[in-house]
There are 2 protein chains.
Amino acid sequence: MRVLVIDDDALVSSSLKTILEADPDIQVVAIGNNGFDAIELYKSHRPDIILMDIRMDGMTGIEAAEKIIASDPDAKILFLTTFSDDEYIIKALRLGSKGYILKQRFDSIIPSLKTAYLGQNVYGEEIIGKLPSLLKEDDKAGLENYGLTERELETISHVAEGLSNKEISEIMYLSEGTVRNYISTILEKLELRDRTQLAIFYYKKRG
Amino acid sequence: MRVLVIDDDALVSSSLKTILEADPDIQVVAIGNNGFDAIELYKSHRPDIILMDIRMDGMTGIEAAEKIIASDPDAKILFLTTFSDDEYIIKALRLGSKGYILKQRFDSIIPSLKTAYLGQNVYGEEIIGKLPSLLKEDDKAGLENYGLTERELETISHVAEGLSNKEISEIMYLSEGTVRNYISTILEKLELRDRTQLAIFYYKKRG
DNA sequence: GAAAAAAGGTGACATTTGTCATGATCATTA
DNA sequence: TAATGATCATGACAAATGTCACCTTTTTTC
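In this text the structure is predicted, and so the values were computed from the model without any measurement.

**Observations regarding the confidence of the model for chain A**
For chain A, the mean per-residue pLDDT works out to 82, and 81% of the residues sit at or above 70. Scored below 50 in pLDDT, residues 137-141 of chain A makes eight contacts in the model with residues more than four places away or belonging to other chains.

**Thoughts on the protein's contact with DNA strand D**
In the vicinity of DNA strand D lie 19 residues, with S184 and R195 of chain A together with T149, R151 and N181 of chain B positioned nearest. A distance of 3.2 Å separates a phosphate oxygen of DNA strand D from a polar atom in the backbone of N165 of chain A. Between a base nitrogen of DNA strand D and a side-chain N or O atom of R180 of chain A, the distance comes to 3.2 Å. Of all the secondary-structure elements, those providing two or more residues to the surface near DNA strand D are helix 9 (176-190) of chain A together with helix 7 (150-159) and helix 9 (176-190) of chain B.

**Here we look at the protein's contact with DNA strand C**
Around DNA strand C sit 19 residues, and of these T149 and R151 of chain A together with R180, S184 and R195 of chain B come closest. Close to the protein, within 4 Å, the atoms of DNA strand C are drawn from sugar and phosphate at a rate of 65%. In this structure, a phosphate oxygen belonging to DNA strand C sits 2.5 Å away from a side-chain N or O atom of R151 of chain A. Within the side chain of N181 of chain A, an N or O atom sits 2.9 Å from a base oxygen of DNA strand C. Within the residue set of the surface near DNA strand C, elements represented by two or more residues are helix 7 (150-159) and helix 9 of chain A together with helix 9 of chain B. Considered class by class, the residues forming the surface near DNA strand C number four nonpolar, nine polar and six charged.

**Some points on the nonpolar core**
If you look at the biggest cluster of nonpolar residues, it comprises 39 residues, and the most contacted ones within it are I156, L190 and L198 of chain A together with L148, I156, L190 and L198 of chain B. Going through the elements one at a time, helix 7, helix 8 (165-172), helix 9 and helix 10 (195-205) of chain A together with helix 7, helix 8 (165-171), helix 9 and helix 10 (195-205) of chain B are the ones with two or more residues in this core.

**A word on unusual backbone geometry**
Despite not being glycine, R46 of chain A shows a phi value in the positive range, around 45°. Judged by its relative accessible area of 43%, R46 of chain A is partly exposed. The backbone phi angle of E191 of chain B is positive, close to 55°, even though this residue is not glycine. Along the chain, E191 of chain B falls in the loop between helix 9 and helix 10.

**Section: the packing of aromatic side chains**
Evaluated as defined, the whole model comprises three aromatic pairs over all chains. Ring geometry for F36 of chain A and Y173 of chain B: centres 6.1 Å apart, planes at 70°, overall edge-to-face. Here F36 of chain A, found in helix 2 (residues 35-45), pairs with Y173 of chain B, found in the loop between helix 8 and helix 9, and the two come from separate chains. For F36 of chain A, a relative accessible area of 36% gives the class partly exposed.

**Details of the pairing of strand 3 (residues 49-53) of chain B**
All names here are of chain B. A large share of strand 3 lies buried, amounting to five of its five residues. Side-chain alternation along strand 3 places I49, L51 and D53 on one buried face and I50 and M52 on a second face that is also buried. Bridge analysis of strand 1 (residues 2-6) against strand 3 gives four bridges, and the strand direction is parallel. Residue pairing in the sheet places L4 in a bridge with I50 of strand 3. Relative to strand 4 (residues 77-81), strand 3 is paired through four bridges, and the arrangement is parallel. Bridge pairing links D53 to L80 in strand 4.

**What about the environment of L20 of chain B?**
Residues and elements named next belong to chain B. By secondary structure assignment, the location of L20 is in helix 1 (residues 10-21). Considering only alpha carbons, one finds L20 and F106, 86 residues apart in sequence, at a separation of 10.0 Å. Contacts of L20, omitting those with residues within four sequence positions, involve V3, V5, I26, V28, L51, I109, I110 and L113.

**Quick notes on the pairing of strand 1 (residues 2-6) of chain A**
The side chains of a regular strand alternate between both faces of the sheet. Residues and elements named next belong to chain A. Across the five residues of strand 1, four count as buried, placing the element largely inside the fold. In this sheet, strand 2 (residues 27-32) lies alongside strand 1 in parallel orientation, the contact comprising five bridges. Along strand 2, the bridge assignment pairs L4 with A30. In this view, the connection linking strand 1 to its parallel neighbour strand 2 by way of helix 1 (residues 10-21) has right-handed handedness.

**Examining helix 3 (residues 61-71) of chain A**
For helix 3 of chain A, the buried fraction is high: eight of the 11 residues fall into the buried class. Those residues of helix 3 of chain A lying buried are G61, I62, E63, A64, A65, K67, I68 and I69 of chain A.

Conventions we followed
- Residues numbered from 1 in each chain as written.
- Chains lettered and ligands numbered in written order.
- Predicted model: local features only at pLDDT ≥ 70, side-chain atom pairs only at ≥ 80, totals over all residues.
- Heavy atoms only, no water.
- pLDDT = per-residue confidence, 0-100.
- Contact = heavy atoms within 4.5 Å.
- Near = heavy atom within 4 Å.
- Polar contact = N/O pair within 3.5 Å; in protein donor to acceptor, adjacent residues only side chain to side chain.
- Helix = DSSP H or I, 4+ residues; strand = E, 2+ residues; numbered from the N terminus.
- Nonpolar A, V, L, I, M, F, W, Y, C, P; charged D, E, K, R; others polar.
- Core = buried A, V, L, I, M, F, W, Y, C linked by side-chain atoms within 4.5 Å.
- Buried < 20%, exposed > 50% of the residue type's maximum accessible area, 1.4 Å probe, protein only.
- Phe/Tyr/Trp six-rings, centres within 6.5 Å; stacked < 30°, edge-to-face > 60°.
- Pairing = 2+ DSSP bridges.
- Right-handed = clockwise from strand over helix to strand, strands pointing away.

Below you can see the structure in the form of structure tokens.
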């Protein structure tokens, strides 16, 4: 089994190589440090399976996986991560990638790799346990704890309706400039960048 | 363990009662034939767990489960179905209900019930195996009938992540101008006005 | 009663976004 | 072969957006 290892922590990736190659069935064909490496090395080496970190600088493992799967729908990718990062689990599953395992469980990496190689899906216990809450829409704590004023909350709901500043100003009987100021303040409070991110934030919280 | 059994096939529900009560730990407190029964009998008997068919006349098991969970968020519900009906699996998972098992496997019903009773989630092998493709289909659902190209769909998902044109262009290896053109085309195809409405559209099509 | 918070405003400014015209390449299809 | 559709690109332009500095007036709160 030819494996491609991608991890932005060189210590981790080289440790993985050592661990994996202790098994006679496994050969690490290359090591990369980011999503771009993953794409290039996959093309040039055509490994049987990719073992990749999710959180990386520049391009996340998920994004790299998207591109790789776009070019080769049969690509097998096993994700590694330090903690089970909720927002990524769904994305990883959506990709149809083979499994998602946690970095802590070093002893489970090799068996998981072999299982994935055989075409089976591998999901850690942690993942399965989290599925319902991930899919459930109630992980919305609400917008109430961000120090937002009444008028700001009102403004947010209009942004989430897809209205422009001008339209919002007409509905709320305000000048367009005031609406812009409100949104600017909201963005700062919520640590967001633009109205699109605000709308997304809103829908992730509420639905 | 006090169980409520709901199945619109009287033969099935009475068979289930017989099978379940062969176990000394289990007591079937009531039997219902539809979703309305489920809600009423849950209120009046307060069983530890409900074993319910998904496909039923009038109200599906899913709908009944929604109402029951709305009134008692801790309600434990285990679904039964003749075949693993894709469209319902996601809905059942979203409810956070305890598991989803297949009717054929009579021998697994009792162990599953006991596991669910202990608060663990129970998913049949078939379900786990289908998750990726289910989520994937769920992903494309809704966006498919608008004549969007692959690259356009890819672009949409990035917009829905809250990325700017510049960021999208870097990820997709495109010029910023191309991304703008893509989005412009997408907006026209979907009859939307700006990227915020696009993100909202995206999130309304799924969770 | 003073201070703070909320509500509302203006004008200027840089950036982002969306549109349009126009062109190129490549693969598929009629 | 010709036509189409998907892909990718430019440059120019107008409109929308977000930020900043700086105001006023009420309402709450200390």
